[in-house]
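The residues making up each chain are set out below.
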Amino acid sequence: MKEDEKEVLKNYALSAEKYHNMRTKENPYGWFFNELLEMPSTLKLLGNVKNKKILDFGCGTGIYAKLLTKKGAKVKGFDISPEMLVIAKRENPILELKIGSGYKIPFNEKFDIVTSSLVVHYLKDWNKMFDEIKRVLKKGGVFIFSTGNPVAEMRFGKDYFHDKKTYWPWSDNKNKKMKIPAYHKTYEQIIKDILTNGFEIVDYKDCFPDKKAKKLFPKEYKEFSEKPIFCVWKLKLK
Ligand SMILES: C[S@@+](CC[C@H](N)C(=O)[O-])C[C@H]1O[C@@H](n2cnc3c(N)ncnc32)[C@H](O)[C@@H]1O
């Protein structure tokens, strides 16, 4: 197992239930950052998913899997963290959700869409990740992923131009032990990785807060409508 996988495993084991509560109970951070900031852009790029065969790459506690199933998609998924997957299965008892890494996707079939929300920055080796995605994606299939907005790196006083390990602040997290490394990439590096791996870019979004957040979380709305923190890429396999 690679070093990046080990660190993710250790950290999500500490926080799976907490993470799920943060996402599903009303809480400024969970609701704001995911439901009102990342999800609206990703769902927009996913478009109409009715009858689409979708693989949820890094499905976490199964929040997207549940939502996309409700929208008529045929969803399967995987995640590296057994603790996150237990919750995903509890939430989606009839879906096929497996333990597995993005470096070795635990499926041997083809999907119309691979979707991955806030996962790819945990993977250091994108060439290996793209090889695996290509293996399970139909020709002309779509890969949609959300990740840290490359410009966000500078919010934390870091250096934009160096691709390196960084630590995202989980500001509401009381568990001091949770410190997950993410791998920052510049726009240049992301675009090169996409193009050299046989994909074309068909759409892109800087995540902008949903207008519902203006009333519910005015402080966060103001901050993140001025300085982006996430972005979503829509790719097509050539
Ligand atoms: C921020 S959570 C997002 C979960 C889910 N995609 C969502 O948006 O609700 C990130 C997830 O990525 C998973 N993950 C991190 N590295 C992974 C890897 N190498 N392979 C598969 N899953 C991974 C973690 O275990 C965690 O569940």
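Above this text you will find the structure in question.
None of these values were measured; they are calculated from a predicted model. (Residues numbered from 1 in each chain as written. Predicted model: local features only at pLDDT ≥ 70, side-chain atom pairs only at ≥ 80, totals over all residues. Heavy atoms only, no water.)

Trainee: Whenever I open this one, the overall build of the chain confuses me. Can you help?
Mentor: A tally of helices and strands in the chain yields 8 helices and 9 strands. Considered along the principal axes of its C-alpha atoms, the chain spans approximately 45 × 40 × 35 Å. Once local pairs closer than 6 in sequence are excluded, the contacts in the chain between residues at least 24 apart make up 71%. Total accessible area on the chain stands at roughly 11700 Å², and carbon and sulfur atoms take up 56% of it. In the chain, 47 side chains carry a positive charge and 31 a negative one; their mean positions are 3 Å apart. (Helix = DSSP H or I, 4+ residues; strand = E, 2+ residues; numbered from the N terminus. Contact = heavy atoms within 4.5 Å. Areas by Shrake-Rupley, 256 points an atom, 1.4 Å probe, with all protein chains shown as cover. Lys, Arg positive; Asp, Glu negative; His and termini not counted. Charge placed at Lys NZ, Arg CZ, Asp CG, Glu CD.)

Trainee: Help me understand the packing of aromatic side chains in this model?
Mentor: The way to describe two aromatic rings as a pair is by their centre distance and the angle between their planes. All chains considered together, the criterion is met by 19 aromatic pairs. Between Tyr204 and Trp233 the ring centres are 4.7 Å apart and the planes differ by 70°, which places this aromatic pair in the edge-to-face class. One end of the pair, Tyr204, is in strand β8 (residues 199-206); the other, Trp233, is in strand β9 (residues 230-237), and 29 residues separate them in sequence. Accessibility expressed as a relative area gives 3% for Trp233, which makes it buried. In this structure an aromatic cluster arises from ring pairing among Trp126, Phe130, Phe143, Phe145, Tyr187, Phe199, Tyr204 and Trp233. (Phe/Tyr/Trp six-rings, centres within 6.5 Å; stacked < 30°, edge-to-face > 60°. Buried < 20%, exposed > 50% of the residue type's maximum accessible area, 1.4 Å probe, protein only.)

Trainee: What is the right way to read the site of the ligand from this model?
Mentor: Surrounding the ligand, one finds 21 residues, the nearest of these being Arg23, Gly58, Asp79, Gly102 and Ser117. One of the backbone nitrogen or oxygen atoms of Gly58 is found 2.7 Å away from a nitrogen atom of the ligand. Side-chain polar atom of Asp79 to an oxygen atom of the ligand: 2.7 Å apart, as the coordinates give it. Protein chains bury 98% of the 590 Å² of accessible surface belonging to the ligand in isolation. For the shell around the ligand, the secondary-structure elements that each account for two or more residues are α1 (3-24) and β2 (74-79). (Near = heavy atom within 4 Å. Polar contact = N/O pair within 3.5 Å; in protein donor to acceptor, adjacent residues only side chain to side chain.)

Trainee: Can you walk me through the nonpolar core in this structure?
Mentor: Most often, soluble globular proteins keep nonpolar side chains buried together rather than apart. Ranked by size, the top nonpolar core spans 36 residues in total, and within it Phe57, Met129, Ile133, Phe143 and Phe199 carry the most contacts. Mapped onto this core, the elements with two or more residues apiece are α1, β1 (53-57), α4 (82-91), β4 (111-117), α5 (126-136), β5 (137-148), α6 (187-196) and β9. The next biggest cluster of nonpolar side chains, apart from the first, holds 33 residues, and it includes Cys59, Tyr64, Ala65 and Ala88. (Core = buried A, V, L, I, M, F, W, Y, C linked by side-chain atoms within 4.5 Å.)

Trainee: Would you mind going over a nonpolar patch on the surface with me for this structure?
Mentor: A contiguous nonpolar surface patch, about 230 Å² in accessible area, is contributed by Ile191, Leu195 and Ile201. Here Leu195 lies in helix α6. Relative accessible area serves as the criterion here: at 47%, Leu195 is assigned to the partly exposed category. (Patch = residues over 30% accessible without salt bridge, like charges linked within 9 Å, V, L, I, M, F, W, Y side chains within 5 Å. Salt bridge = Lys/Arg side-chain N within 4 Å of Asp/Glu carboxyl O.)

Trainee: Would you mind showing me how to read the sheet that holds β4 here?
Mentor: Pairing between sheet strands relies on hydrogen bonds along the backbone, with the strands arranged either parallel or antiparallel. Spatial ordering of the open sheet is given by β3-β2-β1-β4-β5-β9-β8, a layout of 7 strands whose pairing is mixed. Of all strands in the sheet, those with a lone pairing partner are β3 (96-99) and β8, marking the two edges. Ignoring strand direction, the axes of neighbouring strands in this sheet form an average angle of 15°. Summarising the sheet, β8 and β9 pair through 7 bridges and their orientation is antiparallel. (Pairing = 2+ DSSP bridges. Axes fitted to C-alpha atoms, helices over the stretch in contact; angles between N-to-C directions.)

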